Amino acid sequence: MTPTRTPARRPLHEGWHLTITDGPAPVAVRDVPATVPGTLITDLHAAGLIEDPYLDRNEHDLAWTGECDVTYATRFDWRATGADRVDLVADSLDTAATVVLNGHRIAEVQNQHRSWRFDITAALREGENRLEIRFASPLRTARQNQQVLGTLPVTGNDLPYNAIRKMACNFGWDWGPVLVTSGIAGPIGLEEWSSARLDQVRPQVTVEPASTPAETGTDDGVGGRCGVVALTALVERADLLDDTAVTLSARLLDPSGRHVDGSARTAADDELDLRLTAPDPQLWWPRGYGDQPRYTVAIELRDAQERLLDAREHRIGFRTAGVVEEPDQIGTSFTIVVNDRPILAKGANWIPDDCFPSRLTEQDYRASVTDALEAGMNTLRIWGGGLYESEWLYELCDELGIMVWQDFTTACAAYSELEPLRSEFEAEAREHIVRLAWHPALVHWNGSNENVEGYHHWGWQEHIPAGTGWGLGYYTELFPALLAELDPTRSYTPTSPYSRPLPEDPRNPDHGTVHNWVAWASEEDNDYTRYRDTVPRFSAEFGYQGPANFATVARAVTERPLDPDSETMLSHQKAVGGQDKLRRGMAPHLPEVEGFDYFHFATQLNQARALLTGIGHYRSHWPVCAGTIVWQLNDCWPVTSWAAVDGDRRRKLLWYALRDVYAPVLLTIQPREDGPAVSLGNDTDQRLAGTLRLRRQRHDGTVLARAELEAQVAARSARTLTVPAELAAPTEPAAEVLVVELAGTELSVEEPSGTELSGSAVRTVHPFAEDRDSALAGGAVTARARRVEDGVEITVTASSTVRDLCVLADRVDPAATVDRQLVTLLAGESARLHVRTSAPVDADAFVAEDVLLSANDLVARAQDRAARPVAG
């Protein structure tokens, strides 16, 4: 018998070259050096054969890439080590791939969303080996699949992304380019092993009522809880006829590394079960609700001679988690509950962070998750038109307390339920259900994005023959059955939006989740105040567009002068009628603007205000509305979109607005039937008690009326109080504001960013007139800038109301960042803003008139234009 040993893993990431073997490539591409993991497009760009696809209109010059066949090839040296088996293991092949080793066809596969393992023992040679992965054109493959599966509806540009198991947004979206590519999208390498290996270890991590003294950690065994880790290991044998016994053992270590429990089982079976327990475990909580302690599970597989065959180690968190949907007097609730506590979900949708995710690093993921964390979020929804994400993302969410809602990878299309597509759906779902079951951050699975809505409301039924499976079987049968088998510890919904128990009415705000796109997408009225039309139980998608930051646009669009409506600029605006909607959405609120610079600032400002309005409305109705997941956190390239952070990782004005509106204590003015009301949201564990000080004043600071209201808000709740009549009715709306401050409370909440939010700092300033109709004064702010150790400190002072003052620092230094934006000052008030920059520029550049901007400047410029003499 050959010696047994743990699997020896050898990456195969070096020495790759690619050759386009067929298709409409405009240049010959042969033996071009290739990066693995990587893609055809990124390799061609690195070789200087194409321009950067993110710049100007270069995307349109690359439509041919999705029509080409390409072969990746490398050579590697191999010597026999005595192992029973040698496998080729690939984390992701994108997408239609034929694997050839030394001229032997090893496999043909067609699914980017799953990993692959091939036994190549018989095809290996002593010495040099040649490995080829031949990728067929993904567009041609999808069309061929469509001929077998049938043509079913898709949303967007009609490319058949629903006929191939590939990242859907690679085919373009209303925020993403069409950059259809191929390549070895994940790590690839050899794995040598003998006798047996761990094919899969499936956990079910739960917290249960303790039933014995040992489980409670107490003498009498009364009460308490017990953390349980139920493990099921699937063992693969090198010899299918091998029936020798193996021993599976597992140890549970607490967050400090101390031994908590251990278990072992010896058997000849290929499926082995173990159970570990942790008396009175430390519980994992979402951020803002508690800590995130993680335990370690160490697993070993040994043979009869106790030689180690394989080992795994995972970190887990003990908690119960999922969405609770219960009938009530309104309809059906939708509330995330962790450890029996309702959680106010404050989050964003996540799309792939790059059109080419293979080039993302752990640092990239940390930067993006930090964007969510520092904006006050506790939830990320991994959207179904992208990928099952990298382990880096889920590990970061575990570490930082960010809850994850995970879509299965289907979006905005009908999907055939015929073979071979159905088997691929099942295989990828099985893999990722088990892979992600280790992560305490994962709280909810969702079967599809807008697919049921599309069937019922987008006219799909007219194009789907009677009796044809269009995906509903996946969402209502296959996926829930797999979760029941593999991981029943999380909740599941078939789709989003979804109105249980009314699947044919997925937009019903009284039941389950909604996607509110009326406020943005309406062709008649896309005023963002339409968010207030309904009070949903949970808003899982809603958003408003705004452009990328100035430095991002200036890098991506090289023409000068910049023009918001040029052909090149519109190449970076993928929403149908997007520019018209931006202008139409601003019209009720902001004065008309001229020139790119002010169009850019005004549309970013309007985007920020839209989400302040929407989330402020939803939070004022907590717990009826139990959460908001905005569209979207991030971008994959430079584009005008709904994102809070643009494709160059710059935080837009929206990001600062989200940080404000997701603060633990939120004070807003909300319209109600009996007049304006103060809404006070308290997302803390402390009861909030204090005095609301209200005053109506003119822009010049003259106070016209005052009042005080005693406010008491229970922990984790919201309360609304009517504004007294003398403060609710302005004498001159254009020249007055309502100021509400919370005082006299001892509440203090430390945020991760280091900003301390105290009761005395909670304020809202409510204008009685929209900016376009207001008397906001131009020249109402004076500013001084001075150099400090790590940048520039700006001191601003207002002589009249200044609304939403911003420092567009990236116009001066593309790397500059600002600690605060959207600052509103009253007459006589001052504030300091800190610009972090190392650029050798004059500090005064950061207070130039095109850098230091507010709503006042938009009003003043409109007034100046109106005062110009009319020609002729």
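The coordinates are above.
Just so you know, these numbers come straight off a predicted model, no measurement behind them. (Residues numbered from 1 in each chain as written. Predicted model: local features only at pLDDT ≥ 70, side-chain atom pairs only at ≥ 80, totals over all residues. Heavy atoms only, no water.)

**Some remarks on the nonpolar core**
Counting residues in hydrophobic clusters, the biggest one holds 179 residues, and the most contacted among them are Y72, L93, L658 and I794. If you tally residues by element for this core, the top one is helix α13 (residues 596-620), at 10 residues. Membership of the second largest hydrophobic core comes to 44 residues, among which are V246, A278, Y289 and W622. (Core = buried A, V, L, I, M, F, W, Y, C linked by side-chain atoms within 4.5 Å. Buried < 20%, exposed > 50% of the residue type's maximum accessible area, 1.4 Å probe, protein only. Helix = DSSP H or I, 4+ residues; strand = E, 2+ residues; numbered from the N terminus.)

**Observations concerning empty space enclosed by the protein**
All chains considered together, the criterion is met by 7 cavities of 30 Å³ or more. The volume enclosed by the largest cavity comes to roughly 140 Å³. Around the largest cavity sit 18 residues that line it, and P547, A548, V553, M569 and T640 are the ones nearest its centre. Put simply, the parts of the chain that give the lining of the largest cavity at least two residues each are α10 (550-556), α12 (578-586) and α13. Looking at the second largest cavity, its volume works out to about 80 Å³. Lining the second largest cavity are 14 residues, with H699, V737, P767, L776 and R803 positioned closest to its centre. Looking at the lining of the second largest cavity, the elements with two or more residues in it are β36 (736-743) and β39 (763-767). (1 Å grid on protein atoms, 1.4 Å probe; cavity = no way out; pocket = protein on both sides within 12 Å on 5 of 7 lines; lining within 4 Å. Points joined across faces, edges and corners; volume = space filled by probe spheres on them.)

**Thoughts on the packing of α13 against helix α14 (residues 653-661)**
Relative to each other, α13 and α14 sit at 20°, their axes nearing to 8 Å. Overall, the two elements α13 and α14 adopt an arrangement that is roughly parallel. Two packed elements cross with a definite hand, and for α13 against α14 that hand is right-handed. In this structure, α13 contributes F601, Q604, L605, Q607, A608, L611, L612, I615, G616 and R619 to the contact, and α14 contributes L653, L654, A657, L658 and V661. (Axes fitted to C-alpha atoms, helices over the stretch in contact; angles between N-to-C directions. Parallel < 35°, antiparallel > 145°, perpendicular 65-115°, else oblique. Left-handed = near helix turned anticlockwise from the far one by under 90°. Contact = heavy atoms within 4.5 Å.)

**Some words on the sheet that holds strand β21 (residues 335-338)**
If you trace the 3 strands from one edge of the open sheet to the other, you get β20-β21-β22, paired in antiparallel fashion. The outermost strands of the open sheet, each flanked by one partner alone, are β20 (321-324) and β22 (341-343). Sheet twist, expressed as the average angle between the axes of neighbouring strands with direction ignored, equals 40°. (Pairing = 2+ DSSP bridges.)

**Observations regarding unusual backbone geometry**
Cis rather than trans, the peptide bond between R500 and P501 has omega equal to 10°. Among the secondary structure elements, P501 is positioned in the loop between β27 (491-493) and β28 (513-516). Geometrically, the link from R560 to P561 is a cis peptide bond, its omega value of 0° lying close to zero. Checked against the element boundaries, P561 lands in the loop between α10 and α11 (567-570). The phi angle at E306 is positive, at roughly 65°, despite the residue not being glycine. Within the secondary structure, E306 is located in the loop between β18 (295-302) and β19 (308-316).

**A closer look at the environment of L436**
If you trace the backbone, L436 turns up in helix α6 (residues 421-436). Each C-alpha atom of the pair L436 and Y394 lies 8.0 Å from the other, and the pair is 42 residues apart in sequence. When neighbours within four sequence positions are excluded, L436 is seen to be in contact with E391, Y394, Q406, L442, W445 and R490.

**Here's the deal with α14**
A large share of α14 lies buried, amounting to 7 of its 9 residues. Inspection of α14 places L653, L654, W655, Y656, A657, L658 and V661 among the buried residues, and these make up the whole buried set.

**A word on the packing of aromatic side chains**
Under the counting rule described, the total for this entry stands at 36 aromatic pairs. A centroid spacing of 5.9 Å and a plane angle of 85° characterise the contact between W520 and W642, whose relative ring orientation is edge-to-face. Here W520 is found in helix α9 (residues 518-521), whereas its partner W642 is found in the loop between β30 (627-630) and α14, with 122 residues between them in sequence. When its relative accessible area of 3% is taken as the criterion, W520 is described as buried. Using a relative accessible area of 2% as the deciding quantity, one classes W642 as buried. Here a set of aromatic residues connected by ring pairs shows up, and it is made of F408, Y415, F425, W445, Y474, Y475, F479 and Y492. Over the aromatic face of W655 sits the side chain of R651, whose NZ or CZ is 3.9 Å from the ring centroid. (Phe/Tyr/Trp six-rings, centres within 6.5 Å; stacked < 30°, edge-to-face > 60°. Lys NZ or Arg CZ within 6 Å of the ring centre and 35° of its normal.)

**Thoughts on the sheet that holds strand β1 (residues 8-11)**
Across the sheet, which stays open at both edges, the 4 strands sit in the order β1-β12-β5-β9 with antiparallel pairing between neighbours. Of all strands in the sheet, those bounded by a partner on one side alone are β1 and β9 (116-119). Each strand of the sheet is rotated relative to its neighbour by a mean of 25°, with strand direction disregarded. The pairing of strand β5 (residues 85-90) with strand β12 (residues 188-193) spans 6 bridges and is classified as antiparallel. Among the inter-strand pairings, A90 is bridged to a residue of β12, identified as I188.

**Let's talk about α6**
Taking 1.5 Å per residue, 16 residues should reach 22 Å; α6 reaches 22 Å between its end C-alpha atoms and fits that length. Buried residues of α6: L421, E424, F425, E428, A429, H432, I433, V434, R435 and L436, and no others. (Expected span 1.5 Å × (residues − 1).)

**Remarks on the pattern of salt bridges**
Where charged atoms from two side chains of opposite charge come close, those side chains can pair. If you walk through the whole model with that rule in mind, you get 74 salt bridges. Residues D407 and R381 are paired through a salt bridge, measuring 2.7 Å at the closest nitrogen-oxygen approach. Of this pair, D407 sits in strand β25 (residues 403-407) while R381 sits in strand β24 (residues 379-382); the two residues are 26 residues apart in sequence, bridging distant segments of the chain. Overall, R381 belongs to the buried group, its relative accessible area being 0%. The salt bridge partner of E829 is R763, with a shortest N-O separation of 2.6 Å. With E829 in the loop between β44 (823-825) and β45 (830-836) and R763 in strand β39, this pair connects stretches of sequence that are 66 residues apart. The partly exposed category is assigned to R763, whose relative accessible area is 27%. Shared partners join several salt bridges into a network, and the residues in it are R9, R85, D87, R117, D119, E191, R197, D199, E236 and D310. (Salt bridge = Lys/Arg side-chain N within 4 Å of Asp/Glu carboxyl O.)

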